[in-house]
Amino acid sequence: MSLLVVGSVAYDSIETPFDKINDALGGSATYISLAASYFTAPVNLVGVVGNDFKPEHTKILEDHDIDLTGLERIEDGKTFRWGGKYHYDLNVRDTLFTDLNVFENFKPKIPEKWKKASFIVLGNIMPSLQSLVLDQLEKPRFVLCDTMNLWINNTKEDLLDVMKRVDVLIINDSEARLLTDEPNLIKAARRILQMGPEYLIIKKGEHGALLFGDNSIFSAPAYPLENIFDPTGAGDTFAGGFAGYLHKTQDLSFENLKKAVIYGSTMASFSVEKFSTKALEGLSNLEIHDRFIEFRELSNF
Ligand code: AMP
């Protein structure tokens, strides 16, 4: 069974110190699916768009063998829109607006033929909707879940419920602290693992990522990039590369999860080099392989 991805499909308006772009293709499911498509095909996407979703964007997804059977199109609605502004320190981002539009009444419906899916990525959407997805699946073998500060602040109980049902949770460092009220990341990670997930990944922006298992920790380096143009979607791209590689190899050992973290970081490092999904649209397997090797060399001593 193919990898199943659920999340937002969006039009993003992004400002960075270098440039500005309006209504660019974005959304958690978009970034996850594009990144995963370099490892496994097809990728099955579940989400929602409005009547303004452009054919050229449908084509980008289809050209990457992303099956859009589960992408609902609401004929009298507008696609979800999100606006963000990055500071000179690109780790700092303000959300300028969130226009839910068709997302407001979104109830993910898993197509009948996908209910037996065994590898699932729950992209960043409301935790109750993530649970609704899991309710419709027969017996998933591996569930990866992403979330954000908005849900930790506003719907923490729902998030705690879904966390009990996932294998890997991905969050960033500030979200780990917020979720646990614990400033030390190692202690925070231990507490989060007690909340349900078997593994936890804490992303630290341009400082790499940490993978936590029962009694193991793996610290992945960050790729020393000179040209970061747009960090939007880096976290989702990481999740897509990570899950895509695990789905391809079907090996859920800690050793293989470590490799998947490096593939996730590799994909994220490409994603931030161009605006929106541009960098993810035309990568070659050779480029991905070469950067994976460079990543390995970074911390090989
Ligand atoms: P990231 O940079 O990985 O945190 O993800 C950025 C993407 O998340 C953008 O493309 C947005 O469209 C999407 N996004 C932002 N806020 C939300 C939200 N509340 N629900 C779903 N997706 C969102």
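See the structure shown above.
Residues numbered from 1 in each chain as written. Predicted model: local features only at pLDDT ≥ 70, side-chain atom pairs only at ≥ 80, totals over all residues. Heavy atoms only, no water.

**Q** Quick question: what am I supposed to make of the site of the ligand here?
**A** The ligand sits among 19 residues. The nearest are Ser8, Asp12, Gly27, Gly233 and Asp236. In the model, an oxygen atom of the ligand is placed 2.7 Å from a nitrogen or oxygen of the Gly233 main chain. In the environment of the ligand, an oxygen atom lies 3.3 Å from a nitrogen or oxygen atom belonging to the backbone of Gly235. Coverage of the ligand by the protein chains reaches 91% of its 510 Å² of free accessible surface. (Near = heavy atom within 4 Å. Polar contact = N/O pair within 3.5 Å; in protein donor to acceptor, adjacent residues only side chain to side chain. Areas by Shrake-Rupley, 256 points an atom, 1.4 Å probe, with all protein chains shown as cover.)

**Q** Is there a simple way to explain the environment of Asp76 in this structure?
**A** Topologically, Asp76 is positioned in the loop between β5 (66-74) and β6 (80-86). By relative accessible area, Asp76 is classed as exposed at 71%. Put simply, Asp76 and Asp52 are 24 residues apart on the chain and 9.3 Å apart in space, counted from C-alpha to C-alpha. (Helix = DSSP H or I, 4+ residues; strand = E, 2+ residues; numbered from the N terminus. Buried < 20%, exposed > 50% of the residue type's maximum accessible area, 1.4 Å probe, protein only.)

**Q** Could you clarify how one ought to interpret the side chain of Asp236 in this entry?
**A** On the secondary structure map, Asp236 appears in helix α8 (residues 234-249). At 6.2 Å, Lys203 is the nearest oppositely charged side chain to Asp236, a buried residue that forms no salt bridge. Once residues within four sequence positions are removed from consideration, Asp236 is found in contact with Ser28, Tyr31, Ile32 and Asp146. (Lys, Arg positive; Asp, Glu negative; His and termini not counted. Salt bridge = Lys/Arg side-chain N within 4 Å of Asp/Glu carboxyl O. Contact = heavy atoms within 4.5 Å.)

**Q** Whenever I open this one, unusual backbone geometry confuses me. Can you help?
**A** Leaving glycine aside, a negative phi is the common case for residues, and trans is the common case for peptide bonds. Cis geometry marks the peptide bond from Ala41 to Pro42, where omega comes out at -10 degrees. By the element assignment, Pro42 lies in the loop between α1 (28-36) and β4 (43-50). The phi angle at Asp65 is positive, at roughly 60 degrees, despite the residue not being glycine. Inspection of the secondary structure puts Asp65 in the loop between α2 (55-63) and β5. We note that Gln250 has phi near 55 degrees; this positive angle belongs to a residue other than glycine. Within the secondary structure layout, Gln250 lies in the loop between α8 and α9 (254-271). Judged by its relative accessible area of 36%, Gln250 falls in the partly exposed class.

**Q** Help me understand the nonpolar core, please; the structure alone is not making it clear to me.
**A** Looking at soluble globular proteins, one finds that nonpolar side chains tend to be buried together. Core analysis: the largest hydrophobic core is formed by 57 residues, its most contacted members being Leu144, Ile201, Phe242 and Val261. Examining the composition of this core, we find that nine residues originate from one element, α9, more than from any other. When neighbours within four sequence positions are excluded, Phe242 is seen to be in contact with Phe142, Leu144, Val168, Ile201, Leu257, Ala260, Val261 and Gly264. (Core = buried A, V, L, I, M, F, W, Y, C linked by side-chain atoms within 4.5 Å.)

**Q** Explain helix α5 (residues 156-163) to me, please; I cannot follow it from the model alone.
**A** Because an α-helix completes one turn every 3.6 residues, residues spaced three or four positions apart along the sequence face the same direction. Regarding α5, the residues found buried are Leu159, Val162 and Met163. Here the buried residues of α5 occupy an arc of 105 degrees about the axis, which is enough to place them on one side. Looking at the buried side of α5, the elements it contacts are β8 (119-122), α3 (127-136), α4 (149-154), β10 (168-172), α6 (173-180) and α7 (185-194). (Arc of directions from axis to C-beta.)

**Q** How should I be thinking about the sheet that holds β10 in this particular structure?
**A** Pairing between sheet strands relies on hydrogen bonds along the backbone, with the strands arranged either parallel or antiparallel. Spatially, β5-β4-β1-β8-β9-β10-β11-β12-β13 is the arrangement adopted by the nine strands of the open sheet, whose pairing is mixed. Each edge of the sheet is formed by a strand with only one pairing partner; in this case those strands are β5 and β13 (217-220). Adjacent strand axes in the sheet meet at a mean angle of 15 degrees, parallel and antiparallel pairs treated alike. Where strand β12 (residues 209-212) meets β13, four bridges bridge the pair, whose relative direction is antiparallel. (Pairing = 2+ DSSP bridges. Axes fitted to C-alpha atoms, helices over the stretch in contact; angles between N-to-C directions.)

**Q** Any chance you could explain the pairing of strand β11 (residues 199-203) here in plain terms?
**A** Among the five residues of β11, five are classified as buried, and the element is accordingly described as predominantly covered. Neither face of β11 is exposed, since Tyr199, Ile201 and Lys203 on one face and Leu200 and Ile202 on the opposite face are all buried. Two elements, β10 and β11, share five bridges in a ladder whose sense is parallel. Within β11, the position partnered with Ile170 by the bridge is Ile201. In this structure, β11 lies alongside β12, joined through four bridges in antiparallel fashion. Paired with Lys203 across the bridge in β12 is Ala209. As consecutive antiparallel partners, β11 and β12 are separated by five residues, and within that stretch Gly205 has a phi angle of approximately 55 degrees, a positive value.

**Q** I keep staring at the sheet that holds strand β2 (residues 10-15) and nothing clicks. Help me out?
**A** The mixed open sheet is built from four strands, whose spatial order is β3-β2-β6-β7. A single partner strand is all that each edge strand has here, and the edge strands are β3 (20-26) and β7 (93-99). Direction aside, neighbouring strands of the sheet carry axes that sit 20 degrees apart on average. Pairing of β2 with β3 involves five bridges; the strand directions are antiparallel. Opposite Ile14, over in β3, you have Ile21 as the bridge partner. Sheet strands touched by α1: β2 and β3. Its angle to β3, the strand with the most contacts, is close to 65 degrees.

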